[in-house]
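# Inside the fold
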Amino acid sequence: MSDVTLTIDGRRVTVPEGTTIWDAAQTLGIDIPVLCHDPRLDPVGVCRVCAVDVGERTLPAACVRAVSPDMEVRTDTQEIMAHRRVLTELLLADQPAVSQREQTTGDDKLYALAREVKVTDIPWPDQSERQPRGQDASSPVIAVDHQACIMCDRCVRACDDIQHNDVITRTGKGYSARIAFDLDVPMGESSCVSCGECVAVCPTGALTHQSLATTDAG
Amino acid sequence: MKQFADSTNATFSDLTETATLCPYCGVGCALNYGSDSEGVIHYAKGRDGASNAGRLCVKGRYGFDYAAHPQRLTRPLIRRDDAYPRGPLSTFSRANSSGPRKPGGIVDYAEVLPHFREATWEEALERAASGLAKVRDTHGAHALAGFGSAKGSNEEAYLFQKFIRTVLGTNNVDHCTRLCHASSVYALIEGIGSGAVTNVVRDVENAEVAVIAGCNPTANHPVAASFMKQAAAKGTGLLAVNVRRPGMASYCEQYCQITPGSDVAFYNAVMHVIIAEDLHDQAFIDQRTEGFEALAKAVKPYTPEAAEAMTGVPAAQITAFARRLGQAQSAMFFWGMGISQHVFGTDNARCLIALALLTGNIGRPGTGLHPLRGQNNVQGASDAGLVPMYYPGYQAVSDASVRERFEQLWNVSLPEQPGLTTAEITHAALEGEIRGLYCMGENPFLSDPDMNQVRKALSSLDCLVVQDLFITETAEFADVILPASAFMEKRGTFTNTDRRVQIGRPVRQPPGQARQDWHILRDLAQRLGHDWDYADESAVFDEFVQAAPLYANLTYDRLGEHGRWYPCPDANSEGERVLFGDQFPIGRGRFVPAELGQAPDLPDDDYPLVLNTGRQLEHWHTGVMTRRSRALDALAPEARVEVHPSDAKRLGITDGSWTTLRSRRGAVEVQAHITRDVALGTLFLPMHFREAAANLLTTPELDPFGKIPQFKICAVALAPLSTPLTPPQPDAVSHAAG
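Let us look at the structure shown here. Note that the coordinates shown come from a computational prediction; the quantities given were computed from them, not determined experimentally.

### Details of the overall build of chain B
Of the regular secondary structure elements, chain B holds 27 helices and 29 strands. For chain B, the C-alpha radius of gyration of 25 Å lies close to 27 Å, the compact-globule estimate for 738 residues. Based on the C-alpha atoms only, the size of chain B along its principal axes is roughly 85 × 70 × 65 Å. Within chain B, the fraction of its 738 residues that count as buried is 67%.

This is the structure:
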């Protein structure tokens, strides 16, 4: 396999052919924000937060797009910043007021991104009151809050491709689309083995640990 | 307009993440515990360890809260004078107390604690030391024995065996490896000269096929299982052989369900086909092995047709299995308790070793022998000499020159006589030959076969010192209970199933006056006149490395956060993943033929079914830890005996209904779970639940070589429980504790 040389934010970098823009940027220490991608998973490019400018009509997702020779990538233009910010606002529009993830492991990636891009107002409709997406507390160890789910697909891939338990899937259409377990049964009744990989990869408060910090006497 | 509300939680921004390990199984997953300044652990996160690549299973992810359980022992306890003569203290331990109306869950402190009084460390250590010394002075050193633990660190294992050998003066020291892979280790040392794995789990990705024999990795080594499943997704052909359908069977090319105890016949037939169809690796056999002719002769009568009658597996399936394995360029062999826990466990393991030698599948990437080790440090505890026949590093006690070297190193004179193994110690106690026992982190009352005999053995002792986190069933018999430290409270090295030596680090303090196990050992040794002085755990490790050349080139500094494999050829090496590329420690590998043996305690008209015992995903061994983990207890609160639907129908048993399960030694009452995972005529009962204690039923017969009990076969009768029942009220039992 041959190497490819490109420019990211004005800096030259040479990487093996087939490398994604996101991975190439990492080698330069440029951290392109991303929600749906995790280096342990095959990229799917659904959250679009990592979109970059490569001089095309549209903004490709850096986590999926492979580098090409002499590509000129910008990750920090005004357009990119605005794009990221609007996407973040849209994702936050129907999020619960308090992130359960900030309350349990303290690493909500969506909230961290919101702080990074300095979101204050969210000028988009909040559908959660009219059409709440629901919770599932049937598992003794994993709390599911569909309201916080951004359908990034990380949990589905972690369950299938990392732990190979093949429990989580997607169901529904449009706004009612959500993740589901087995043939859409409550998580606690599904074939889930509670390995918690889905919680580990979830970027929001959609999949979190039930609190374990205290133990009752009995 | 909605505003973005920053919901950062101050507690979680202040958490410290400590790089340590999972305390449960032999996979040895690296993880971070996120803990606050009070030492409260809030979460476990997978770390990029050599054996887990960031993955964890339910036990590692959610089972860490046992250390903070309110029942932790915080003060030394001494048995009150009116609690003698020695015996069990709880209703459960006193008799065959099993079933829906009987105490379940963990030891009932309200019932047991009044028989003990709190003591100072000074008094408790004096009582322990003088009790052991008195037995030694009255009955001789060989009337003493020690059970160490594969849950402790290498340093603790090393010091425990040193204590028993040098301070007490006997080789009667063993631990739960005897209940686990002792037969595999015997066969491996005999066959290739090394008892550890020859290749790491994750190399399964380079294997063309992998044999998953007598093990259930999705339940017992879940993270290792995820790498096997991943390999299968990328083309590795998994071949499972078992009496009970393992979860892995769904990912396998072929699953052969053999009848209980017929392993030798199955593998001999596989070897028969491989030799008959010229699929063996003649070059490897010529260059690297000896004894092929005898093996070929021994497997000759095991035609697939003959084996079909013995194993219940159709001859065509055996032939297909043999061809797939024989034609593969590389194959790995994983096995577990289904191979080892038999009176012919050593023979079973000999067959797998022979199969690997026959097909030339040792010493290259994607090949190798891998007995999946159970406890997080069962490999290390054995390496550290926590076994009666070897000093640290598998150096034979019976070898005079080795003994001389250890006498110099430890500056004492050492006993010549090799010691007794776990079950032999129990049997010797029944004969009155063992009078005093020191148990550090073992719970033989529940873990050893034939509980009624163990009860008698423990009751008959003159002195029992128990060092543990909780009052265990075994501790009910103790003179002195010493409160010890949990995994997440100590620093030490742990050696996983892959031979990787990694450091575990403390994230919390032991509660109350509970102490580091190695401090307790050191103080007892000093009290008994031995000048033990170690600056810290790393100094103990350095002495262990000096004693065991197996661990050469390893130090705390070099292990760092990620650990290394042993053997480690030089100071800069990561250690060796794949062993024996050129030759075996004994030169040539040895084929040791095996004949199909007959298990004791077979079914008859009165006891028509075969009971298999083992583990389940959410629990660990005698349940001392996992049943005190809120999450794990909630996920799997009760024992179920697995019954085949046709047996259930015939016996009038429905899913969830109560049954009586009776063997020639005892009976338990337990709910049924109807599943086709078990074959017709066989049952499965997990070992973790004392209210349906599998070891009330099991037979005490041992493998003659590995001295491992036959946990996998005992004849039982199953019947619906006749009287109408009120379901148990857990609140009434366990809340009393506090």
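Structure's up, so let's keep going.
### Quick look at the pairing of strand β27 (residues 667-674) of chain B
All names here are of chain B. Here β27 lies mainly inside the structure; six of its eight residues are buried. As paired elements, strand β25 (residues 640-643) and β27 share four bridges and run parallel to each other. If you follow Arg640 over to β27, its bridge partner there is Gln671. Pairing of strand β26 (residues 658-663) with β27, which is carried by five bridges, proceeds in the antiparallel orientation. Opposite Thr659, over in β27, you have Val670 as the bridge partner.

### With respect to unusual backbone geometry
Going from Tyr84 of chain B to Pro85 of chain B, the amide bond is cis rather than trans, its omega being 0°. Within the fold, Pro85 of chain B resides in the loop between β5 (77-79) and α3 (91-94). For the bond running from Tyr566 of chain B to Pro567 of chain B, omega is -5°, close enough to zero to count as cis. Within the secondary structure, Pro567 of chain B sits in the loop between β22 (564-565) and β23 (589-590). Positive phi outside glycine occurs at Met151 of chain A, with the angle close to 55°. Note on placement: Met151 of chain A falls in the loop between β6 (142-145) and α5 (154-162). Here the phi dihedral of Asn553 of chain B falls at roughly 75°; this positive angle occurs in a residue that is not glycine.

### Looking at the interface of chain B and chain A
At the interface, 41 residues of chain B touch 48 residues of chain A. For the pairing of chain B and chain A, the buried interface totals around 3600 Å² over both sides, and the portion due to carbon and sulfur atoms is 53%. Contact with chain A buries area across many residues of chain B, yet Lys2, Phe4 and Tyr62 of chain B alone supply 22% of it, more than any other trio. In this structure, the salt-bridge partner of Arg61 of chain B is Glu197 of chain A, at a minimum N-O distance of 3.7 Å.

### Side note on the packing of helix α5 (residues 121-139) of chain B against helix α22 (residues 517-527) of chain B
Residues and elements named next belong to chain B. Close contact between α5 and α22 brings their axes to 10 Å; oriented N to C, the two are set at 65°. Pair α5 / α22 crosses with right-handed handedness. Between α5, through Trp121, Glu122, Leu125, Glu126, Ala128 and Ala129, and α22, the contact on the second element is made entirely by Ile520, Asp523, Leu524 and Arg527. Split into classes, the residues belonging to the contact of α5 with α22 amount to six nonpolar, no polar and four charged.

### Digging into the sheet that holds strand β5 (residues 135-136) of chain A
Residue and element names in this part refer to chain A. Pairing is antiparallel across the open sheet formed by three strands, whose spatial order is β5-β6-β9. Of all the strands in the sheet, the pair left with one neighbour each is β5 and β9 (207-209). Bridging between β5 and β6 involves two bridges; their strand directions are antiparallel. Its bridge partner lying in β6, Asp136 is registered against Val144.

### Comments concerning the sheet that holds strand β14 (residues 368-371) of chain B
All names here are of chain B. Spatial ordering of the open sheet is given by β11-β10-β9-β13-β14, a layout of five strands whose pairing is parallel. This sheet does not close on itself; its edge strands, each paired only once, are β11 (254-257) and β14. Averaged over all neighbouring strand pairs, the angle between strand axes comes to 15°, with direction disregarded. Note: strand β9 (residues 209-213) against strand β10 (residues 237-242), five bridges, orientation parallel. Directly across from Val211, in β10, lies its bridge partner Leu239.

### So, helix α4 (residues 109-116) of chain A
Residue and element names in this part refer to chain A. Within α4 the residues assigned to the buried category are Leu110, Tyr111, Leu113 and Ala114. Projected down its long axis, α4 shows its buried positions confined to an angular sector of 160°, all on one face. Residues of α4 that are buried in the fold lie against α2 (78-92) and α3 (100-104). Looking at where α4 begins, the residue whose side-chain oxygen comes 2.9 Å from the main-chain nitrogen of Leu110 is Asp108.

### As for the environment of Leu113 of chain A
Residue and element names in this part refer to chain A. With respect to the element layout, Leu113 can be found in helix α4. Along the backbone, Leu113 and Ser211 are 98 residues apart, and their C-alpha atoms lie at a distance of 25 Å. Not counting the four nearest positions on each side in its chain, Leu113 is found in contact with Pro33, Leu35, Val49 and Thr88.

### Concerning a nonpolar patch on the surface
A cluster of nonpolar residues, Val86, Leu90 and Trp124 of chain A, forms a patch on the protein surface that exposes about 240 Å² of accessible area. Note that Leu90 of chain A resides in helix α2.

### Examining the nonpolar core
All names here are of chain B. In this structure, Met488 and Leu661 are the most contacted members of the largest nonpolar core, which totals 125 residues. It is helix α9 (residues 222-233) that provides the largest number of residues to this core, a total of seven residues. Other than its neighbours up to four places away in sequence, Leu661 contacts Leu611, Val641, Gly666, Ala667, Val668, Val670, Leu683, Leu685, Leu697, Val716, Ala717 and Leu718. Counting residues in each nonpolar core, the second largest holds 58 residues, with Tyr391, Trp518, Trp532 and Leu554 among its members.

### Focus on the environment of Gly261 of chain B
Residue and element names in this part refer to chain B. Along the chain, Gly261 falls in the loop between β11 and α10 (263-276). As a C-alpha pair, Gly261 and Phe544 span 283 residues in sequence and 39 Å in three-dimensional space. Leaving out residues up to four positions away in the same chain, Gly261 has contacts with His342, Phe344, Leu596 and Ile713.

### Looking at the packing of aromatic side chains
Evaluated as defined, the whole model comprises 27 aromatic pairs over all chains. Their ring planes at 50° and their centres at 5.4 Å tell us that Tyr111 of chain A and Phe4 of chain B sit as a pair that is tilted. Within this pair, whereas Tyr111 of chain A is found in helix α4, its partner Phe4 of chain B is found in the loop between β1 (2-3) and α1 (10-13), the two belonging to separate chains. A centroid spacing of 6.4 Å and a plane angle of 85° characterise the contact between Phe163 of chain B and Trp532 of chain B, whose relative ring orientation is edge-to-face. In this pair, Phe163 of chain B sits in helix α6 (residues 154-168) while Trp532 of chain B sits in the loop between α22 and α23 (537-547), placing the two residues 369 residues apart along the sequence. Both residues of the pair, Phe163 of chain B and Trp532 of chain B, belong to the buried class. In this structure, Arg350 of chain B packs its charged tip against the face of Phe705 of chain B, placed 4.3 Å from the ring centre. The ring of Trp121 of chain B carries Arg515 of chain B above its face, with NZ or CZ at 5.1 Å from the centroid.

Here is what the cut-offs are and how they apply
- Residues numbered from 1 in each chain as written.
- Chains lettered and ligands numbered in written order.
- Predicted model: local features only at pLDDT ≥ 70, side-chain atom pairs only at ≥ 80, totals over all residues.
- Heavy atoms only, no water.
- Helix = DSSP H or I, 4+ residues; strand = E, 2+ residues; numbered from the N terminus.
- Rg over C-alpha atoms; globule rule 2.2 N^0.38 Å.
- Buried < 20%, exposed > 50% of the residue type's maximum accessible area, 1.4 Å probe, protein only.
- Pairing = 2+ DSSP bridges.
- Contact = heavy atoms within 4.5 Å.
- Buried area = accessible area lost by both parts, 1.4 Å probe.
- Salt bridge = Lys/Arg side-chain N within 4 Å of Asp/Glu carboxyl O.
- Axes fitted to C-alpha atoms, helices over the stretch in contact; angles between N-to-C directions.
- Left-handed = near helix turned anticlockwise from the far one by under 90°.
- Nonpolar A, V, L, I, M, F, W, Y, C, P; charged D, E, K, R; others polar.
- Arc of directions from axis to C-beta.
- Polar contact = N/O pair within 3.5 Å; in protein donor to acceptor, adjacent residues only side chain to side chain.
- Patch = residues over 30% accessible without salt bridge, like charges linked within 9 Å, V, L, I, M, F, W, Y side chains within 5 Å.
- Areas by Shrake-Rupley, 256 points an atom, 1.4 Å probe, with all protein chains shown as cover.
- Core = buried A, V, L, I, M, F, W, Y, C linked by side-chain atoms within 4.5 Å.
- Phe/Tyr/Trp six-rings, centres within 6.5 Å; stacked < 30°, edge-to-face > 60°.
- Lys NZ or Arg CZ within 6 Å of the ring centre and 35° of its normal.

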